[in-house]
Amino acid sequence: MHASCTIFCLIGLVAIYGKPIEDETQENVDLRMPNVRPQTPDTYLCHPMKTDDTKYITGFVPHGESMIAHHILLYGCEEPGAADESVWNCGEMEAKEKSNDYPSAPVCKSGTKILYAWAMDAPKLNLPKDVGFKVGGDSAIKYLVVQVHYKNVEPFVAPNNQTDQSGLTLQTTTQQQPKEAGVYLLGTGGNIPAHSTVFMETACLYHEDMALHPFAFRTHAHTLGQVVSGYRVRDGEWTEIGRQSPQKPQMFYNVTRPGIRILPGDILAARCTMKNDLDHDVQIGSTQKDEMCNFYMMYYVDGKTLPQEDSCWSMGPPSWSFEDFDQGFMNLENLPKNISTDPNNNEVFHATRKMVQQTQNDVDRLREDMEDRFLQLLEEIGTVGQGGYDAPEFREYEGPGYQGYVEEGPGFKKVHEEWEEEY
Ligand SMILES: *[C@@H]1O[C@H](CO)[C@@H](O)[C@H](O)[C@H]1NC(C)=O
Ligand SMILES: *[C@@H]1O[C@H](CO)[C@@H](O)[C@H](O)[C@H]1NC(C)=O
Ligand SMILES: *[C@@H]1O[C@H](CO)[C@@H](O)[C@H](O)[C@H]1NC(C)=O
């Protein structure tokens, strides 16, 4: 009786527990800071993980407290910024100079891609069903790097001496997902004159032979950014993909209209509305003193091939605006009225400066001049332009390298003066 119970109970237990609760192709992978002790407020720390075999990331579980971490970003890199370090300081130049408790390096040395962003009080982002980010194997992502921006380091300095393990748990599977996820980046270079509000704009014709299904977007700018908005323009009709103030937590938000598709022949367009109350001009560049204008569109494709082009870059003001787009019908008269409206408080921003018609010759000369510099820059970093402008390797929060491409010159000053006219 006893013996048979033991046997039956064992069989029963095996029947209940013998079957794995989770598919064995699934694995939760921790990518968390290895007990770090940042000593300076506003330190950005990076921690890498090599991805050898092909995996698909299907979900992200953040581990962070908004009291400590201002944001957590997950990057995919072809090469990590520091080859032999477990932790490095991957902040912008200014912050790096202030703190030297960890060696400094960019997030990635090459192939930078942002895959996930968590920020203060931000709601969780779920990838849609059957969608995964392919990493490792023959994908362009050989390393994952988690970046934590430590706002408050009080718990970590003496005498508290605590250590931190902020980071992410990645839900992964080795099973190929039916829909592969990607991120498309729209951005500009350019200049924001003192005491002015300007629009920084970019647009590209999408011509690849596959539909993109955007499901989330993220905006990025520094302190001058008021509104960043992204659109699909089809037959002159503008449809919002996403619009947000970059002063809100810079994480991925749901697109404005779930189900929106980008098809070959559509135009992808974005505008950053920047307001500069400072006494000096601010340029797009890589330090906290510079600005950035970025709109990220997270999408999936039906299948396993991602489009070749994954960014759309323009030189920005004063050289380039929507009016200069010449690859299709943008229908600027149909520009959405709320393109520069902060969706949180409905504040509307108007540009206070615009190039005036009489200076067209100057503008042309300036544009040629800046194009030369821009193309030279692309050549230096090994990016080949085709069609519009391809993005220089994107280096959010990175120090050395890309410095923007707007320099003061005689032509430049003149156009600024002409710009004083309001409209
Ligand atoms: C905290 O760390 C500092 C140096 O990192 C050390 O001098 C100090 O003794 C530590 N304090 C405690 C309470 O462990
Ligand atoms: C975003 O969309 C997903 C799926 O469509 C939904 O479950 C989620 O609640 C949405 N999040 C917000 C903040 O609206
Ligand atoms: C923004 O404007 C467009 C048309 O200009 C309109 O279709 C859309 O509903 C507006 N969005 C909001 C949130 O008001």
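Since the structure is predicted, the reported quantities are computational estimates derived from the model, not experimental observations.

**Quick notes on the overall build of the chain**
- Of the regular secondary structure elements, the chain holds four helices and 22 strands.
- For the chain, with 423 residues in total, the buried portion stands at 44%.
- In the chain, once contacts between residues fewer than 6 apart in sequence are set aside, the share between residues at least 24 apart is 84%.

**Focus on unusual backbone geometry**
- Cis geometry is adopted by the peptide bond preceding Pro159, which originates at Ala158 and carries an omega value of 0°.
- Positionally, Pro159 belongs in the loop between β10 (143-150) and β11 (167-173).
- Of note in this structure, Asp130 is not a glycine but carries a positive phi near 70°.
- You can see Asp130 is positioned in the loop between β8 (113-119) and β9 (131-135).

**Quick word on the UniProt feature "binding site: Cu(2+)" (unreviewed entry) in the chain**
- According to UniProt, the "binding site: Cu(2+)" (unreviewed entry) feature falls on His70, His71, His149, His220, His222 and Met292.
- Mapped onto the elements, His149 comes out in strand β10.
- Apart from the residues lying within four places of it in its own chain, the contact partners of His149 are Tyr44, Ala69, His70 and His71.
- Inspection of the secondary structure assignment puts His222 in the loop between β15 (213-220) and β16 (225-234).
- Here His222 falls in the partly exposed class, since 19 other C-beta atoms lie within 10 Å of it.

**Comments concerning the nonpolar core**
- By size, the foremost hydrophobic cluster in this structure holds 89 residues, and its most contacted members are Leu45, Phe217 and Met298.
- Both domains that furnish three or more residues to this core are identified here as domain 1 (26-177) and domain 2 (180-418).
- Beyond its immediate sequence surroundings of up to four residues, Phe217 is in contact with Gly230, Ile241, Gly242, Phe252, Tyr253, Val255, Phe295, Tyr296, Met297 and Met298.

**Regarding the pairing of β9**
- Counting buried positions along β9 gives five out of five residues, so the element sits mostly inside the fold.
- Residues Val131, Phe133 and Val135 line one face of β9 and the alternating positions Gly132 and Lys134 line the opposite face, and both faces are buried.
- Sheet topology places strand β3 (residues 55-63) next to β9; three bridges connect them, and they run antiparallel. When the bridges of β9 are listed, Lys55 appears paired with Val135.
- Inspection of the sheet shows β9 paired to strand β12 (residues 179-188) by two bridges, in the parallel sense. Opposite Gly132, over in β12, you have Glu180 as the bridge partner.

**Points about the sheet that holds β8**
- The strand order across the open sheet built from five strands is β6-β2-β10-β4-β8, with neighbouring strands paired in antiparallel fashion. On the outer flanks of this sheet lie β6 (88-89) and β8, each paired with one strand and no other.
- In terms of strand pairing, strand β4 (residues 69-77) meets β10 through eight bridges, oriented antiparallel. For Ala69, the partnering residue across the bridge sits in β10 and is Tyr150.

**Regarding the sheet that holds strand β14 (residues 196-205)**
- Spatially, β14-β19-β16-β17 is the arrangement adopted by the four strands of the open sheet, whose pairing is antiparallel. Since the sheet does not close on itself, it has two edges, and those belong to β14 and β17 (237-244), each with one partner. Going across the sheet, the axis of each strand differs from the next one's by a mean of 20°, ignoring polarity.
- Here β14 runs beside strand β19 (residues 267-276); their pairing, made up of ten bridges, is antiparallel. Considered in β19, the bridge of Glu201 is made with Arg271.

**Looking at the environment of Pro249**
- Within the secondary structure layout, Pro249 lies in the loop between β17 and β18 (253-254).
- With 178 residues separating them along the chain, Pro249 and His71 place their C-alpha atoms 8.3 Å apart.

**Digging into the confidence of the model for the chain**
- Chain-level pLDDT for the chain is 81 on average; 74% of the residues reach the 70-or-more range.
- Low pLDDT, under 50, characterises residues 1-21; the stretch is placed with zero contacts to residues that sit more than four places away or in other chains.
- Between residues 377-423, whose pLDDT stays under 50, and residues either more than four places distant or in other chains, the model counts 99 contacts.

**What about the pairing of β12?**
- Summarising burial for β12: eight of the ten residues are buried, a large majority.
- Taken together, the eight bridges between β12 and strand β21 (residues 294-302) define a ladder with antiparallel strand orientation. The residue of β21 that forms the bridge with Tyr184 is Met297.
- With four bridges joining them, β12 and strand β22 (residues 311-314) adopt parallel strand pairing. Each bridged residue has a counterpart across the sheet, and for Gly187 the counterpart in β22 is Trp313.

**Brief notes about the environment of Leu170**
- Relative to the elements of secondary structure, Leu170 occurs in strand β11.
- Each C-alpha atom, one on Leu170 and one on Tyr56, is 9.6 Å from the other, the two residues being 114 residues apart in sequence.
- Not counting chain neighbours up to four residues away, the residues in contact with Leu170 comprise Val29, Leu31, Ile57 and Phe60.

Thresholds, definitions, all that
Residues numbered from 1 in each chain as written. Chains lettered and ligands numbered in written order. Predicted model: local features only at pLDDT ≥ 70, side-chain atom pairs only at ≥ 80, totals over all residues. Helix = DSSP H or I, 4+ residues; strand = E, 2+ residues; numbered from the N terminus. Buried ≥ 20, exposed ≤ 12 C-beta atoms within 10 Å, placed from the backbone. Contact = placed C-beta atoms within 7 Å. UniProt positions renumbered as here; feature names shortened; annotations may be inferred. Core = buried A, V, L, I, M, F, W, Y, C linked by C-beta atoms within 7 Å. Domains from an automatic or database assignment. Pairing = 2+ DSSP bridges. Axes fitted to C-alpha atoms, helices over the stretch in contact; angles between N-to-C directions. pLDDT = per-residue confidence, 0-100.

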